[in-house]
Amino acid sequence: KWHLGIGEKGEYLPSNRGFDSYFGVPMTQNECISNAGGRGFGPCPIMHNSTVAIQGQADVKDIDAAYVQNAKDFITTHQEKPFFFYFASHHTHMPQFASNTFLNSTHRGLFGDSLAELDWSVGQILDHLNLLGIQNRTLVVFSADNGPELSDIELGGEQGPLKCGKGTTWEGGVREPAIFWWPSVVRAGSVSYALGSTLDLAVTAVNLAGGRLPADRAIDGYDLTPVLTGESKEGLRDHMFYYSGHMLMAFRLHQYKIHFWTKGSHCRPSYHDVDCWNGTLTQHNPPLLFNLEHDPKERFSLDTNQFEDVVNEMMQRVASHQQGMTFAPPEIDRGSNKMFFPCCSPACTPRPNCCKCLSKKKHKASTLKVI
């Protein structure tokens, strides 16, 4: 899944954003039409680099087998040299789906089936690394981009004890699990409580590869290597800024988190917590202050007068950050145009509904077997 858009000339596709090759669907399955559901622009396109390989008869429910086989082929081809491989599954974004192999295989319903297929995909890739004997020199990172979509109720995911979900800057929207697998370096079963971010992955990868970070720009990430090796319990990151667009909604420093603004999102009014679905942007003055180590659910706001030193330090860090912050024009504000939708028959009409490949050629996929 590639979710950065496509562009008029494919300028947002992976092959034009630094990747040497790409195989997948350049959108989430709710933004195109397939047997997995969706009410999007047109038939889901399966692309190879910048070219539509299959469209219209693409069976998205069975696409995991194709993705896994593509991953194995790539890793096998590049096993002798350092490589970066980004595997972005469609699971568990809505609408939920699972192949016949995993359908009705769990007690968690369709969401559980979808999650089980994701688990199988990851396991297949890890097994292949072990088979090739390169597991001890390969770092695998597993994480997610946002919390559950509570508007889909039981099909949207689960945030555990955390407050709210996707689209909010409450912990349930931004705090995600992360697993690092590197048998020769990361101790199996170890748990870290250090603060980290996906912003740190690029810095970590560059440092591990012996590269140099660009010197002509501000770098938001920190190297996670000391945490991965066990050399440090705290790590290098002690803070996190939470933005919504250009607006700084909240800030975390060590265990303390302060909310300047809050807004609900991706949630139904029937949900028990009004903060999660109320779409009104609400300013808090004084701001809401929480100790996330004592109160990860963000239920009990602390008296800022009793934590004056903490608040003052946080406000100084925020002021320093904002002085050096420069905003680029949001690409998403450019809007959408259905004529940019990938089409295997560009001359057909009416686009994009006519974009259907008539070839019987199938995308490369191995038979899906669960062991």
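Residues numbered from 1 in each chain as written. Predicted model: local features only at pLDDT ≥ 70, side-chain atom pairs only at ≥ 80, totals over all residues. Heavy atoms only, no water.

Here's the deal with the sheet that holds strand 3 (residues 51-55)
We count it as follows: Two strands qualify as a pair provided that DSSP identifies no fewer than 2 bridges between them. Under the scheme used here, helices are H or I runs from DSSP no shorter than 4 residues and strands are E runs no shorter than 2 residues, and both carry numbers assigned from the N terminus.
Here three strands make up an open sheet; going across it, the order is 1-2-3 and the pairing antiparallel. Two strands close off the open sheet at either side, each with one partner strand: strand 1 (23-24) and strand 3. Where strand 2 (residues 45-48) lies against strand 3, four bridges are found, and the strand directions are antiparallel. Residue pairing across strands places His48 opposite Thr51, the latter belonging to strand 3.

Here we look at the pattern of salt bridges
In plain terms, the rule: The salt bridge criterion pairs a side-chain nitrogen of Lys or Arg with a carboxyl oxygen of Asp or Glu, the two atoms within 4 Å.
According to the stated counting rule, one finds 10 salt bridges in the structure shown. The residue Glu171 makes a salt bridge to Lys257 at a minimum N-O spacing of 2.8 Å. In this pair, Glu171 is assigned in helix 3 (residues 171-174) and Lys257 in strand 8 (residues 256-262), connecting sequence segments 86 residues apart. Bridged by salt links that share partners, the residues Glu171, Arg175, Lys257 and Glu298 form one connected network.

Focus: the packing of aromatic side chains
Quick reminder of the rule: Pairing of aromatic rings covers Phe, Tyr and Trp, the last counted by its six-membered ring, and requires centre-to-centre distances within 6.5 Å; plane angles under 30 degrees mean stacked, over 60 mean edge-to-face, and any other angle means tilted. Type-normalised accessible area, obtained with a 1.4 Å probe on protein chains alone, sets the label of each residue: buried when under 20%, exposed when over 50%, and partly exposed for intermediate values.
Using the criterion set out here, one finds 13 aromatic pairs in the structure. With a centroid separation of 5.8 Å and 80 degrees between ring planes, the pair formed by Trp2 and Phe19 is classed as edge-to-face. Here Trp2, found in the segment before strand 1, pairs with Phe19, found in the segment before strand 1; they are 17 residues apart in sequence, far enough to count as distant. Trp2 gets classed as buried once you look at its relative accessible area, which sits at 8%. The class of Phe19 is partly exposed, set by a relative accessible area of 25%. Judged by centre distance (5.9 Å) and plane angle (85 degrees), the rings of Phe74 and Phe83 are edge-to-face.

Focus on the side chain of Ser89
Our working definition: Whenever two N or O atoms come within 3.5 Å, that pair is a polar contact, provided that in protein one can donate a hydrogen and the other can accept it, and provided that, for residues adjacent in sequence, both atoms are side-chain atoms.
Tracing the backbone shows Ser89 in the loop between helix 1 (63-77) and helix 2 (109-132). Reaching out from Ser89, the side chain makes a polar contact with the backbone nitrogen of His91 at a distance of 3.0 Å.

Concerning the nonpolar core
Where we set the bar: Nonpolar core, defined: a set of buried Ala, Val, Leu, Ile, Met, Phe, Trp, Tyr and Cys residues in which side-chain atoms within 4.5 Å join the residues together. A contact between two residues is defined here by any heavy atoms of the two lying within 4.5 Å.
Val25, Met27, Cys32, Ile46, Val60 and Ile63 are the most contacted members of the largest nonpolar core, which totals 21 residues. At the level of secondary structure, the elements contributing two or more residues to this core comprise strand 2, strand 3 and helix 1. For this core, the leading source of residues is helix 1, giving three residues. Excluding its chain neighbours within four sequence positions, the residues that come into contact with Cys32 are Val25, Met27, Gly37, Gly38, Arg39, Gly40, Phe41, Gly42, Pro43, Cys44 and Phe341. Within the second largest apolar cluster, 11 residues are counted, among which are Phe241, Leu248, Tyr256 and Ile258.

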